[in-house]
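Residue-level structure breakdown
These are the residues of each chain, in order.
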Amino acid sequence: MGRRRSFADITYGLLIGGLAILAVTIIVAPVVIVLMTSFTEGQVLKFPPKGFSLAWYDQLFDPVKSRQIHRTAGNSLTIAAWSTLFGVVLGTLASLGLARNRTKLARVADSFFMSPLVLPGITFGLAALVYFSLLGFRPSIDLMIAGHMIVTMPFILRTTTASLSQLDPALLDSSQSLGASWFYTLRRVTLPLIAPGIAAGAFLAFMASIDNVPVSLFLSNARTDTLPIRMWGMMESTLDVRVAAVSGVLIASAFVLMLIMEWTVGLTRRMRD
């Protein structure tokens, strides 16, 4: 019996280990392939790459040859920055109001705020376009900021709520018992303690906005298209290798930012909580 149990445990461990290796391979392999392709000497996207060259990165950073890419990258950064800023303000306020509220209305409101994570992005993008068109608005940067804020704010709300749930209520009671106003307590006690959760949510929201396609696709025009849409167009028309170079820059930037967030606020733990 002991041998059978031991054999079963070994088999189970090997199965789990094999599945873990398979999952990591599926996740990592596309990233490695894109990075390798970005250093090719060839003129089209092709794997395995032909030779080794930094020519496509030189063209990518050339302000003349890649003017359109730089413009769309600027649009993406602008939209991501403003939507994250507004999302931090609104998401933090919503979290402060809902975190310790156990009423049915609060649960309904929480589900409502989190619904963009469940609703298909392309469905929301189309709905947003129809709604804003009925109100008389035309596609613009401002509309894209609003759309991105709605679909990324749940990240901020969730991590901030997790931080608030771990906040010791005795700290707030002590502050109030010493005569501090609610605003002073919020500014000097609550916000500093939940700041790591807010920062983690802001990082996730920023990255989700940079990578968002469905909302940008419906709410953009020729002047306000974003980097992902531009990359998609380049893939469809010319298989430009600069798409791989852009992907390489985005991968490296995301990796560095993730390391910084992990070191400063414990991003993995915040996501797990």
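Since the structure is predicted, the reported quantities are computational estimates derived from the model, not experimental observations.

1. Structural notes on the overall build of the protein
- Counting secondary structure elements, the protein contains 12 helices and zero strands.
- Going residue by residue from the N terminus, the α and β elements of the protein occur as α-α-α-α-α-α-α-α-α-α-α-α.
- The dimensions of the protein, computed from C-alpha atoms along their principal axes, are 75 × 70 × 30 Å.
- Taken over 273 residues, the protein has a buried fraction of 34%.
- Summed over its atoms, the accessible surface of the protein is roughly 16,600 Å², and 70% of this surface lies on carbon and sulfur atoms.
- The centroid of the 22 positive side-chain charges in the protein is displaced by 5 Å from the centroid of its 14 negative side-chain charges.

2. A word on the side chain of T224
- Here T224 is to be found in the loop between α9 (214-219) and α10 (227-237).
- Look past the residues within four positions of T224 in its chain and what remains in contact with it is R71, N75, S140, I141 and M144.

3. Comments concerning the confidence of the model for the protein
- The pLDDT averaged across the protein works out to 83; a share of 95% of its residues lies at or above 70.
- No element of the protein has a lower mean pLDDT than helix α12 (residues 267-272), which averages 62, and none a higher one than helix α3 (residues 67-98), which averages 91.

4. A few points about the nonpolar core
- Counting residues in hydrophobic clusters, the biggest one holds 11 residues: W56, Y57, L60, I69, L227, M231, M234, V241, V243, A245 and V246.
- Of all the secondary-structure elements, those providing two or more residues to this core are α2 (55-60), α10 and α11 (242-265).
- The contacts of V246, once residues within four sequence positions are left out, are L60, I69, L227 and M231.
- Grouped together as the second largest cluster of nonpolar side chains are 10 residues, I79, F132, I145 and V215 included.

5. Considerations on the environment of S247
- Among the secondary structure elements, S247 is positioned in helix α11.
- S247 sits 51 residues away from P196 along the chain, and the two C-alpha atoms are 28 Å apart.
- For S247, the side chain forms a polar contact with the main-chain oxygen of V243, separated by 2.9 Å.

6. Quick look at the side chain of T92
- Looking at the element boundaries, T92 is found in helix α3.
- By relative accessible area, T92 is classed as buried at 7%.
- In contact with T92, other than residues within four places in its own chain, are G87, T160, L191 and I198.

7. Concerning the packing of aromatic side chains
- Summed over all chains, the structure comprises seven aromatic pairs.
- Here W182 and F183 contribute two aromatic rings whose centre-to-centre distance is 5.9 Å and whose plane-to-plane angle is 80°, an arrangement assigned as edge-to-face.
- Overall, the relative accessible area of 64% leaves W182 in the exposed class.
- Note on F183: relative accessible area 47%, which makes it partly exposed.
- Aromatic ring contacts, followed pair by pair, group F39, F52 and Y57 into a single cluster.

What counts as what
Throughout, residues of each chain are indexed from 1 in the direction in which the sequence is written. Residues qualify for local features only when their pLDDT is at least 70, as the model is predicted, and side-chain atom pairs are given and counted only at 80 or more; totals for whole chains, interfaces and linings, by contrast, use all residues. Values reported for side chains reflect all heavy atoms of the structure, with hydrogen atoms and water molecules removed beforehand. We count a stretch as a helix when DSSP gives it H or I for four or more residues in a row; a strand needs E for two or more, and each element gets its number in order from the N terminus. Whether a residue is buried, partly exposed or exposed follows from its accessible area with a 1.4 Å probe, protein chains only, as a fraction of its type maximum: under 20%, in between, or over 50%, in that order. In this description, accessible areas are obtained by the Shrake-Rupley approach with a 1.4 Å probe, and a residue is regarded as covered only by the protein chains that are shown. Note on charges: Lys and Arg go in the positive column, Asp and Glu in the negative column, and His and the chain ends are not counted at all. A single reference atom marks each charge: NZ on Lys, CZ on Arg, CG on Asp, CD on Glu. Note on contacts: a residue pair is in contact if any heavy atoms of the two residues lie within 4.5 Å. The quantity called pLDDT is the predictor's confidence in a given residue, expressed from 0 to 100. Residue types Ala, Val, Leu, Ile, Met, Phe, Trp, Tyr and Cys, when buried and joined through side-chain atoms within 4.5 Å, form a set referred to as a nonpolar core. Whenever two N or O atoms come within 3.5 Å, that pair is a polar contact, provided that in protein one can donate a hydrogen and the other can accept it, and provided that, for residues adjacent in sequence, both atoms are side-chain atoms. Each pair of aromatic rings taken from Phe, Tyr and Trp, with Trp reduced to its six-membered ring, is defined by centres within 6.5 Å and is described as stacked if the planes are under 30 degrees apart, edge-to-face if over 60, and tilted in the remaining cases.

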